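Listed below, chain by chain, are the residues.
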Amino acid sequence: EPEVTQTPSHQVTQMGQEVILRCVPISNHLYFYWYRQILGQKVEFLVSFYNNEISEKSEIFDDQFSVERPDGSNFTLKIRSTKLEDSAMYFCASSQDRLLEAFFGQGTRLTVV
Amino acid sequence: AQTVTQSQPEMSVQEAETVTLSCTYDTSESDYYLFWYKQPPSRQMILVIRQEAYKQQNATENRFSVNFQKAAKSFSLKISDSQLGDAAMYFCAGGSEKLVFGKGTKLTVNP
């Protein structure tokens, strides 16, 4: 069964450092998403991406964040200068159509120290 | 959905019994989907069941079924014949593209 894969599963980074979280969406999917979940809290939408551009972003997704689909298969989330409060589980998701279910990856646990 | 509310932070059920998790939502969209996701301690998000808002028939998936009341904006999840492996956080979510999640209900299954 096709699945969304995320790497790494766990990343520890120092405050102020740049981090790139990687995702390989399901191959025939066209819509891509990043969500995050701070420990003990609910899952929050960060950004959606379609046709090589951002289609919607939340207020969490400020200038420190960027997304890219560099090669037609990977979908990355970059945080330029990490803060302690960026520590969270980051989920990538993809869907075939905007009205269809989103399949989630297993998540990347980001710890900023 | 613009807001999704899960009013039960925690629920417990005896193994083999039935439990219902509540969810209400609010949206101005005409086309949307509603979902229940399960999150075990590994924190992976696993789709349990989904409901298209335009369908009146309640979705079912083996032991999992929903009670979708569109007028009341209610979307509850019923788990029948509960198993120990059902213990997890359950998140209700909805939307037409991006998903809005509720705060979750922690389900404990007692042997």
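This text goes with the structure placed above it.
A few points on the structure. Sequence order sets the numbering: in each chain, residues are counted from 1 along the sequence as written. Numbering of ligands from 1 and lettering of chains from A proceed in the order in which they are written. In keeping with the predicted nature of the model, local features appear solely for residues at pLDDT of at least 70, side-chain atom pairs appear and are counted solely at 80 or more, and the whole-chain, interface and lining totals rest on all residues. As a rule here, side-chain values cover all heavy atoms of the structure and leave hydrogens and water aside.

### Here's the deal with the state of the cysteines
Logical step 1: By convention in this document, the label disulfide applies to cysteine sulfur atom pairs within 2.5 Å. On inspection of all chains with the given rule, the structure shows two disulfides over all chains.
Logical step 2: In this model Cys23 of chain A forms its disulfide with Cys92 of chain A; the gap between the sulfur atoms is 1.9 Å. One disulfide, between Cys23 of chain A and Cys92 of chain A, carries an S-S torsion of -65° and so falls in the left-handed class. With Cys23 of chain A in strand β3 (residues 19–24) and Cys92 of chain A in strand β9 (residues 88–95), the pair connects residues that are 69 residues apart, well separated along the chain.
Logical step 3: The cut-offs for exposure are 20% and 50% of the maximum accessible area for each residue type, with area from a 1.4 Å probe on protein chains only; residues under the lower value are buried, those over the upper are exposed, and the others partly exposed. According to the relative accessible area criterion, Cys23 of chain A is buried, its value standing at 0%.
Logical step 4: Through a disulfide, Cys23 of chain B is tied to Cys92 of chain B; the S-S separation comes to 2.0 Å. The sign of the S-S torsion, about -70°, decides the handedness of the disulfide formed by Cys23 of chain B and Cys92 of chain B: left-handed. A run of DSSP states H or I qualifies as a helix once it reaches four residues; a run of E qualifies as a strand once it reaches two. Both are numbered from the N-terminal end.

### Overview of the interface of chain B and chain A
Logical step 1: With 19 residues of chain B at the contact, the number on the chain A side is 24 residues.
Logical step 2: Roughly 2,000 Å² of surface becomes buried between chain B and chain A when both sides are summed, with 54% attributable to carbon and sulfur atoms.
Logical step 3: Each of two parts loses accessible area, computed with a 1.4 Å probe, when they are put together; buried area is these two losses added. In terms of surface lost to chain A, no three residues of chain B exceed Arg43, Glu97 and Lys98 of chain B, which account for 36% of the buried area on that side.
Logical step 4: Take a side-chain nitrogen of Lys or Arg and a carboxyl oxygen of Asp or Glu: if they are within 4 Å of each other, that pair is a salt bridge. Taken together, the connections running from chain B to chain A amount to one salt bridge.
Logical step 5: Two residues, Lys98 of chain B and Glu56 of chain A, come together in a salt bridge whose shortest N-O distance is 3.1 Å.
Logical step 6: When residues of the side of chain B that touches chain A are traced back to their parent elements, those giving at least two are β5 (33–39) and β6 (46–52) of chain B.
Logical step 7: Broken down by element, the residue count for the side of chain B that touches chain A peaks at four residues, all from β5 of chain B. Pairs of residues are marked as contacts when any of their non-hydrogen atoms sit within 4.5 Å.

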